[in-house]
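Each chain, written out:
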Amino acid sequence: MQNVDVPFFPPARSRTHEVCGAGVYVFAFALAARLGGRSIWVREDWDNTQINPTGFVDFMQPSDLTVCNTRNQSEGLAVAEEALRSGVVSLVVISLNKPLGLTEGRRLQLAARDGKSTGLAIIPEGMGSNAAETRWHCLPVFDPTDSTLQRWELIKNKSGTLGVWHVRWDTASRCLTMVSPARK
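Nothing here was measured: the structure is a model prediction, and the numbers come from that model.

Visitor: Could you clarify how one ought to interpret the layout of surface pockets in this entry?
Guide: A water-sized probe, rolled over the atoms, reveals where empty space remains. Taken as a whole, the largest pocket encloses approximately 210 Å³ of empty space. If you go around the largest pocket, the residues you meet are Val24, Tyr25, Glu44, Trp46, Asp47, Thr49, Ser95, Leu96, Asn97, Ile122, Ile123 and Pro124. Each residue belonging to the lining of the largest pocket can be placed in one class, and the counts come to seven nonpolar, three polar and two charged.

This is the structure we're talking about:
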């Protein structure tokens, strides 16, 4: 185990990023923990996936997260844009289920820049916006002795460098540590 920072994590502030895969919630909450401050999670009200405070208390205090339910993706994008632009929160997470157009993606980037906040769009695999600064694919790694092991792959990076890292969330220190992948 290495006590070094994961390259490109946290992603660039004042920008909007994307994440997909089965490990999106760990990524989102690890990012919220790393950025500190308050976070807003924007989701459509038809989505029956619930965010349980006891599930993320190892990452952040439940009082630091506001969950905002919207009627549809257009309303969710408007809420996310305003939250990013406000400068009051450090992270805005938005769950998307339809492709994001370049105009909408660019509006989120400009709002993040203006408010000095970080945006994170949770997207289905295979979907993504050209406006995103980075795109991550996150998966849990099976380990019978540790349920916190994750495989994070940077699959889009406007800076040009891509990579794969195995990370573990350390609850005591509330930080990520990089680990070597298991040998076969």
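Okay, back to it.
Visitor: Hey, could you run me through helix H3 (residues 73-86) in this one?
Guide: Helical geometry: 3.6 residues make up each α-helical turn, so side chains three or four residues apart lie on a common side. Compared with the 20 Å implied by 1.5 Å per residue over 14 residues, the 20 Å span of H3 between its first and last C-alpha is a close match. Tucked into the core, H3 has its buried residues touching strand E1 (16-20), strand E2 (39-44), strand E3 (65-70), strand E4 (91-95), helix H4 (102-115) and strand E5 (118-122). For H3, the side-chain oxygen to backbone nitrogen distance between the N-cap and Ser74 is 3.2 Å, and the N-cap itself is Asn72. At the exit of H3 stands Gly87, carrying a positive phi of roughly 75 degrees.

Visitor: Would you take a moment to explain the sheet that holds E3 for this structure?
Guide: Backbone hydrogen bonds are what pair the strands of a sheet, in a parallel or an antiparallel way. The strand order E3-E2-E4-E5-E1-E6-E7-E8-E9 describes an open sheet built from nine strands, whose pairing is mixed. Of all strands in the sheet, those bounded by a partner on one side alone are E3 and strand E9 (175-179). Between one strand and the next, the sheet's axes are offset by a mean angle of 30 degrees, whatever the strand orientation. Across the face of the sheet, H3 comes into contact with E1, E2, E3, E4 and E5 while running at roughly 175 degrees to E4.

Visitor: Quick question: what am I supposed to make of the environment of Trp46 here?
Guide: Here Trp46 lies in the loop between E2 and helix H2 (53-56). For Trp46, a relative accessible area of 52% translates into the label exposed. Between the C-alpha atom of Trp46 and that of Thr70, which follows or precedes it by 24 residues, the distance is 8.7 Å. Among the polar contacts listed, one links the side chain of Trp46 to the side chain of Glu44, at a separation of 2.6 Å.

Rules used in this analysis
Residues numbered from 1 in each chain as written. Predicted model: local features only at pLDDT ≥ 70, side-chain atom pairs only at ≥ 80, totals over all residues. Heavy atoms only, no water. 1 Å grid on protein atoms, 1.4 Å probe; cavity = no way out; pocket = protein on both sides within 12 Å on 5 of 7 lines; lining within 4 Å. Points joined across faces, edges and corners; volume = space filled by probe spheres on them. Nonpolar A, V, L, I, M, F, W, Y, C, P; charged D, E, K, R; others polar. Helix = DSSP H or I, 4+ residues; strand = E, 2+ residues; numbered from the N terminus. Expected span 1.5 Å × (residues − 1). Contact = heavy atoms within 4.5 Å. Polar contact = N/O pair within 3.5 Å; in protein donor to acceptor, adjacent residues only side chain to side chain. Pairing = 2+ DSSP bridges. Axes fitted to C-alpha atoms, helices over the stretch in contact; angles between N-to-C directions. Buried < 20%, exposed > 50% of the residue type's maximum accessible area, 1.4 Å probe, protein only.

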